[in-house]
Amino acid sequence: MFKKFLLLVICVSTISSLYSQSFWFGPKGALSFNVQNWDGFERDPYLSINGDIFIETHDEYSRGSLYAQLGFHTRGSTTRVNFFNGGAANQSFQFDNLVLEIGAKQKLTSQANAGPYYIVGVRGEYTLGTNLSEYVRFQSAYYPIDDFVRKLNYGVTVGGGWDFEFSELIGGLIELTVNPDLSNQYEQQPIPNVINPFNGQTVTLRERKVRNLTFEVKFGLRFMRKVEYID
């Protein structure tokens, strides 16, 4: 994963250098509030930590900028289940995704390095792993399995935030985004004659599709690579 982060930094840095432009870069991350739609039914939310490294073009006239970021985000949901033997438990379903996002950022003031902004972007995600193997011990197809996890997914990001200027070359940010997926994280065909581990009855599982929706709050640091022209 570190090599992919480094590759992104090198690629964007090279492009910026070719055009002799200043740009911002840095880390950002914090909390994700994750929910999932399971065939029309919303599961309980799942809280996780997200983290990204980003690069953003710099425009001293505040006409807008482009950004790219790569990060690690855990999607998922939880549910409260009651077993037929009288027990109960909270169960979570987690999908650890590597996320590449590109988009546009527009300032809402004339200040180049500070003030409110909004962003619109598109995402591509690759699922590195899940926790679904934890439920193999129940020996029931009622639980999702890794065989039906979609490794590649995509979605959009919309949101806004506020840039802070600590000095000419260093700043901070706080950002809130909504991240709906446009593809399914999990797709499973109907399965007959499945024993429900919660009540012991035999059921037919209908087609199962799971889609992610994530609300994220991020804090970050911004560092500028500044290019100056000297006569």
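Here the structure is a predicted model, which is why all the values come from computation and not from measurement.

Undergrad: Explanation requested: the environment of Leu-98 in the structure shown.
TA: Residue placement: Leu-98 occurs in strand S5 (residues 88–107). A C-alpha to C-alpha distance of 6.5 Å links Leu-98 and His-73, two positions 25 residues apart in sequence.

Undergrad: Can you help me understand the pairing of strand S1 (residues 23–38) in this one?
TA: Regular strands show a simple pattern: their side chains alternate between the two faces of the sheet. In this structure, S1 lies alongside strand S12 (residues 208–225), joined through 14 bridges in antiparallel fashion. Across the sheet, residue Phe-25 finds its bridge partner in S12, namely Phe-223. The pairing of S1 with strand S3 (residues 46–57) spans twelve bridges and is antiparallel. When the sheet's bridge partners are listed, Phe-25 is paired in S3 with Ile-55. Direction of pairing for S1 relative to strand S2 (residues 41–42): antiparallel, over a ladder of two bridges.

Undergrad: Teacher, can you tell me more about the packing of aromatic side chains here?
TA: Each aromatic ring pair is characterised by the separation of its centres together with the angle its planes make. Using the criterion set out here, one finds seven aromatic pairs in the structure. Measuring from ring centre to ring centre gives 5.9 Å for Phe-25 and Phe-223, while their planes differ by 40°; the resulting arrangement is tilted. Separated by 198 residues along the polypeptide, Phe-25 in strand S1 and Phe-223 in strand S12 bring together distant segments of the chain. Taking relative accessible area as the criterion, Phe-223 reaches 28% and is therefore assigned partly exposed. Taken together, the ring pairs connect Trp-38, Phe-93, Tyr-135 and Tyr-143 into an aromatic cluster. Residue placement shows Lys-28 over the ring face of Tyr-67; its charged tip is 5.9 Å from the ring centre. It is Arg-43 that lies over the ring of Trp-38; its NZ or CZ is 4.0 Å from the centre.

What counts, and at which threshold
Residues numbered from 1 in each chain as written. Predicted model: local features only at pLDDT ≥ 70, side-chain atom pairs only at ≥ 80, totals over all residues. Heavy atoms only, no water. Helix = DSSP H or I, 4+ residues; strand = E, 2+ residues; numbered from the N terminus. Pairing = 2+ DSSP bridges. Phe/Tyr/Trp six-rings, centres within 6.5 Å; stacked < 30°, edge-to-face > 60°. Buried < 20%, exposed > 50% of the residue type's maximum accessible area, 1.4 Å probe, protein only. Lys NZ or Arg CZ within 6 Å of the ring centre and 35° of its normal.

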